[in-house]
Structure formats: structure tokens, C-alpha cells
Amino acid sequence: EGRIITNALVMKDAYSAEVFRGRDQYEEVVILNRREDLDLVLLQVKATNVTPFGLDFESEVKPGERVIVVGNTAGSDTTFSEGLITSINSIGNTIDLAEIETSKSLLSYRRSKDGPVLNTDGKLIGITTSVITRPREGDAIPKAYYGEKLNAILMPSIEPLMTTPGNGDRLHPARTRVWSQWFIYTIKTAAISALIVLYGLGFPKILAIIIAFILLIALIQWLYFKLIRSGK
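Described in the following lines is the structure provided in the data block. Note that this is a predicted model, so its numbers are computed, not measured. (Residues numbered from 1 in each chain as written. Predicted model: local features only at pLDDT ≥ 70, side-chain atom pairs only at ≥ 80, totals over all residues. Heavy atoms only, no water.)

### Notes on the environment of glutamate 159
Then, number 1: With respect to the helices and strands, the residue glutamate 159 is situated in helix α1 (residues 155-163).
Then, number 2: Between the alpha carbons of glutamate 159 and leucine 55 there is a distance of 9.8 Å; along the sequence they are 104 residues apart. (Helix = DSSP H or I, 4+ residues; strand = E, 2+ residues; numbered from the N terminus.)

Structure follows, in C-alpha cells:
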């Protein structure tokens, strides 16, 4: 149906976006739902005849289970890493988190850092996250892979993201000019930073800065009029 789950950090503050699948390109991207606490976002594109991953909401994932983590490098190369679930933890009442120890990446010289987590049957059982970390406890399974440690949210915790309707935020095409948005964001950031600095200086110093600024403006104005009169 053209729905995509990815990490929320990928779409943070996004003004425009596009999706690639092989040679196919989708410019109309809609954010259907977002869960910042899970670091997940649900997208919609106009894709047809696409075979998705099989979703597994029911099987019980256990420590010691072998998994495959699919990811992407900075150069958009797909990576595959074999991993071992070392522990599973519940955070609150709604989040099931698995810690995974991966091996060196297969089919790529770089390791996977994000993406879907598949079981040995090829079913999607979770999605990695960089926001949530498990409580520091003893590991249920000894480490043997000597690769990268990843945290993944399991599918039962992701199901509400797919079934609960969101706002439907339509993004702009990727080649849309965004200079105005960038300019406004930069000005707002600079103004907030200046206010924070001034607040930290205290009232007397702020007053001194304001007086110095007024005197500077007055001096510039005086020099300007003097140059005009000397020109006559």
C-alpha cells in the first residue's frame, strides 16, 4: 500500500523528501503518523505492485535468537549483518526492546546501523532505534559476535503506530526551494541564542550592552551627517 516505517530521526524537521526504490522514485511523501518516543515514523507514497516485508506481530522473540539486520551506509549501499538477540526488556507498559549484538556486515565492508530486523524465516520482527536504550542489567546471553550493539523495538510495540491515525502531514517535493524556511529558521535560532546569552549575563550587563549599542548608533549617525555636510 506504499506505507513505509523508518526512524523518526531520519525525518526530523523535514520540509521536503523523496523515496527511492531501485529505479523508482516517489516525490509525494506524506507523514501518516509519528512516535518520537519510539524513534519511528510512518510514511505514505504512491507505490503500486510492491512486495513488502512479511510482518510478524505474534511470534515470541527470545534471547539467543539469530536475526539479520538490514541497513544503509552513507553511500546508500544496503548492508546485511547477522546478529544475536542478547536480551529483551520491557520499558513501561507498551515498549518491548531487544538488544542485539551484530557480526561484521555481510555483502558490505561497513556494518549496518539502522533498519529492519528479520528472523531466520525472513519475517520482520523489529526495527532498530537509536533513541531508546535498555536498562543496564546483566546480559541474558553471552556476547560472542564482537560486532555492533543495537537496540530494536519489537513489532507488537510498533503495531499501534500503524493502526492509530495521525495528522497526515504532506511534505514538499525534494527539489522545492527551501531558502525562505532556512532563513527563518536561522534567524529564529540566532535570536533565541542571543536571548539566552543576554539572560546569562544578568540585567546590569544587558543594560550596559543596550546603552553601548545606542551610543554606537548615535556615533554612526553623527559621522554620517558630518560626511554629508563636508561633501557640500
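That covers the picture; the talk isn't over yet.
### Structural notes on the nonpolar core
Then, number 1: Counting 13 residues, the largest nonpolar core has Leu38, Leu40, Ile153, Ile158 and Leu161 as the members making the most contacts within it.
Then, number 2: Elements represented by at least two residues in this core include exactly β5 (40-44), β9 (95-102), β11 (123-129) and α1.
Then, number 3: Examining the composition of this core, we find that three residues originate from one element, α1, more than from any other. (Core = buried A, V, L, I, M, F, W, Y, C linked by side-chain atoms within 4.5 Å. Buried < 20%, exposed > 50% of the residue type's maximum accessible area, 1.4 Å probe, protein only.)

### Describing the pairing of β11
Then, number 1: Buried residues dominate β11, accounting for six of its seven residues.
Then, number 2: Where strand β6 (residues 54-55) lies against β11, two bridges are found, and the strand directions are parallel. When the sheet's bridge partners are listed, glycine 54 is paired in β11 with lysine 123.
Then, number 3: With three bridges connecting them, strand β10 (residues 116-118) and β11 associate as antiparallel partners. Bridge pairing in β11 links valine 117 to glycine 126.
Then, number 4: Here four bridges tie β11 to strand β12 (residues 149-154), and the two strands are oriented antiparallel to one another. (Pairing = 2+ DSSP bridges.)

### Some remarks on a nonpolar patch on the surface
Then, number 1: Side chains of Ile210, Phe213, Ile214, Leu216, Ile217, Leu219, Ile220, Trp222 and Leu223 sit close together on the surface and give an oily, nonpolar patch of about 900 Å² of accessible area.
Then, number 2: Tracing the sequence through the fold places leucine 216 in helix α3 (residues 203-231). (Patch = residues over 30% accessible without salt bridge, like charges linked within 9 Å, V, L, I, M, F, W, Y side chains within 5 Å. Areas by Shrake-Rupley, 256 points an atom, 1.4 Å probe, with all protein chains shown as cover. Salt bridge = Lys/Arg side-chain N within 4 Å of Asp/Glu carboxyl O.)

### Considering unusual backbone geometry
Then, number 1: Backbone geometry places aspartate 13, a non-glycine residue, at a positive phi of 60 degrees.
Then, number 2: For aspartate 13, the position within the fold is in the loop between β1 (3-7) and β2 (19-21).
Then, number 3: The class for aspartate 13 is exposed, based on a relative accessible area of 64%.

### Quick notes on the environment of alanine 17
Then, number 1: Following the sequence through the fold, alanine 17 ends up in the loop between β1 and β2.
Then, number 2: Separated by 155 residues in sequence, alanine 17 and histidine 172 place their C-alpha atoms 6.7 Å apart.
Then, number 3: Ignoring any residue separated from it by four or fewer positions in sequence, one finds alanine 17 in contact with Met11, Glu27, Val29, Leu171, His172, Pro173 and Ala174. (Contact = heavy atoms within 4.5 Å.)

### Considering the sheet that holds strand β4 (residues 30-35)
Then, number 1: One open sheet accounts for four strands, arranged β1-β5-β4-β13; its pairing is antiparallel. Since the sheet does not close on itself, it has two edges, and those belong to β1 and β13 (169-170), each with one partner.
Then, number 2: Pairing analysis gives five bridges linking β4 to β5, with the strands arranged antiparallel. Looking at β5, one finds that isoleucine 31 is bridged to leucine 43.
Then, number 3: Seen against the sheet, α1 touches β1, β4 and β5 and runs at an angle of roughly 40 degrees to β5. (Axes fitted to C-alpha atoms, helices over the stretch in contact; angles between N-to-C directions.)

### Structural notes on the pairing of β5
Then, number 1: For β5, a buried count of four out of five residues is recorded, marking the element as mostly surrounded by other parts of the structure.
Then, number 2: Hairpin geometry of β4 and β5 is characterised by an intervening segment of four residues between the two adjacent antiparallel strands and by a positive phi of about 60 degrees at aspartate 39.

### A closer look at the pattern of salt bridges
Then, number 1: This structure, assessed with the given rule, holds seven salt bridges.
Then, number 2: Among the salt bridges present, the one from glutamate 28 reaches lysine 46, with a minimum N-O distance of 3.1 Å. Of this pair, glutamate 28 sits in the loop between β3 (24-26) and β4 while lysine 46 sits in the loop between β5 and β6, and the two are 18 residues apart along the sequence.
Then, number 3: According to the relative accessible area criterion, lysine 46 is exposed, its value standing at 63%.
Then, number 4: With its nearest N and O atoms 3.5 Å apart, the salt bridge here joins arginine 34 to glutamate 36.
Then, number 5: Relative accessible area serves as the criterion here: at 48%, glutamate 36 is assigned to the partly exposed category.
Then, number 6: Connected via shared salt-bridge partners are Glu28, Lys46 and Arg170.

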